[in-house]
Amino acid sequence: MVLKTLSDLKGIVAGGPRKKLIVAAAQDQHSLGAVIRAWQDSIVEPILVGDQENIRNICAANNYNIDGLTIINEPDTEAAVQTSVKMVSNRQGDILMKGKVGTSSLLKSVLNKEWGLRTGNLLSHFALFEVETYPKVIAVTDVAMNIAPNLQDKIAIINNSVSCLIKLGYRMPKVAVLGAVEMVNENMEATLDAALLSKMNQRDQIKNCIIDGPLAFDNAVSYESAQHKGIRSEVAGDTDLLLMPDIEVGNVLYKSLVFFAKAKVASVILGARVPIVLTSRSDSEQAKYDSILLSAAASK
Ligand code: COD
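Residues numbered from 1 in each chain as written. Predicted model: local features only at pLDDT ≥ 70, side-chain atom pairs only at ≥ 80, totals over all residues. Heavy atoms only, no water.

1. Points about the overall build of the protein
So, point 1. When you go through the protein residue by residue, the secondary structure sums to 11 helices and 11 strands.
So, point 2. Here the C-alpha radius of gyration of the protein, 19 Å, is about what a compact globule of 300 residues would show, namely 19 Å.
So, point 3. Principal-axis analysis of the C-alpha atoms gives the protein an extent of 60 × 40 × 30 Å.
So, point 4. Across the protein, contacts joining residues at least 24 apart in sequence account for 72% of those joining residues at least 6 apart.
So, point 5. Total accessible area on the protein is roughly 13500 Å²; 49% of this is exposed by carbon and sulfur atoms.
So, point 6. Measuring between centres, the 31 positive side-chain charges of the protein sit 5 Å from its 32 negative side-chain charges. (Helix = DSSP H or I, 4+ residues; strand = E, 2+ residues; numbered from the N terminus. Rg over C-alpha atoms; globule rule 2.2 N^0.38 Å. Contact = heavy atoms within 4.5 Å. Areas by Shrake-Rupley, 256 points an atom, 1.4 Å probe, with all protein chains shown as cover. Lys, Arg positive; Asp, Glu negative; His and termini not counted. Charge placed at Lys NZ, Arg CZ, Asp CG, Glu CD.)

The following block contains the structure:
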């Protein structure tokens, strides 16, 4: 199975047990709107940690009915983040979500050696895009967490992403390792890593997926382009997952898809003790809602 649209995520999680969702610094309108919708859809059981008065004011102003919802009053943002992370650490939550707090502040708490959510795995960001010009949802990693992943990091990022895709119902997802060109060029490190990752996959050192690379963006997502260049590949033109060379390429692609191509997006941090919803403050309520659904599916 592959996802055609992000609304397919609902079919994967609907009817399952409600996931306990801890929202750190929950006093954010789009986050609250998304969380309450997922609560009303019986997907999650939220616990809001943050400035209670502010949370109640936002809910009242937007007619959100929060009767019966648990709020832990913690007006100080750093303390709210710590409380939330510690609650997940103490197994009181299945999903952690970022509210009105900076990304690196939340990530630093998550990575705290004493009470954070490390598992020994690399944590990585995984995003799903629905874009009109591609016939299925396309996953992209890592556009927001790992700054300049080395080969070992890339293996961990692929493994995190492939496990998530398998939870979403994929079998042997097709992974394109991106470069600026589709030929190995010793001066372009991304193409060297791509060739190694492809060979490691052929030798079963990276399992449960089909990896090819280097592929340039055009031949990763277009059969015509791949054919035109004479590329023989099971992945080219039919990619399920794009592996980015680094955060700059990834983040610019993410924002180009959203701002120029009007793509819909859902995203999650994988590899920690639980999935983490870490959408940016500018993301829409719909993107936050879809990210909660994705995280609920990833926490299976
Ligand atoms: N997975 C697991 N452990 C990690 C990871 C990871 N991805 N990154 C760092 N660690 C561990 C390290 O091994 C180390 O033990 C500790 O955490 C601190 O590592 P540093 O000093 O490299 O990390 P920090 O605390 O300076 O920064 C970690 C961040 C995740 C905050 C940093 O990598 C970062 O700023 N990433 C980009 C986030 C961002 O700005 N995104 C914006 C795009 S929207």
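Having seen it, we continue.
2. A few points about the environment of leucine 293
So, point 1. Its location among the elements puts leucine 293 in helix H11 (residues 285-298).
So, point 2. In this structure the C-alpha to C-alpha distance between leucine 293 and leucine 6, which are 287 residues apart in sequence, comes to 9.3 Å.
So, point 3. Contacts of leucine 293, omitting those with residues within four sequence positions, involve Leu9, Lys10, Val13 and Ile43.

3. As for the site of the ligand
So, point 1. Around the ligand sit 14 residues, and of these Arg118, Leu123, Ala144, Met145 and Asn146 come closest.
So, point 2. Between the ligand and alanine 144, the relevant distance is 2.9 Å, taken from a nitrogen atom to a main-chain nitrogen or oxygen of the residue.
So, point 3. The protein chains hide 59% of the 870 Å² of surface that the ligand would expose on its own.
So, point 4. Going through the elements one at a time, helix H5 (103-110) and helix H10 (247-259) are the ones with two or more residues in the shell around the ligand.
So, point 5. Split by residue class, the shell around the ligand holds eight nonpolar, three polar and three charged. (Near = heavy atom within 4 Å. Polar contact = N/O pair within 3.5 Å; in protein donor to acceptor, adjacent residues only side chain to side chain. Nonpolar A, V, L, I, M, F, W, Y, C, P; charged D, E, K, R; others polar.)

4. Details of the pairing of strand S8 (residues 210-215)
So, point 1. Counting buried residues in S8 gives five out of six residues, a clear majority hidden from the surface.
So, point 2. Of the pairings in the sheet, the one linking strand S7 (residues 174-178) to S8 comprises four bridges and is parallel in character. What sits directly across from leucine 178, in S8, is leucine 215. (Buried < 20%, exposed > 50% of the residue type's maximum accessible area, 1.4 Å probe, protein only. Pairing = 2+ DSSP bridges.)

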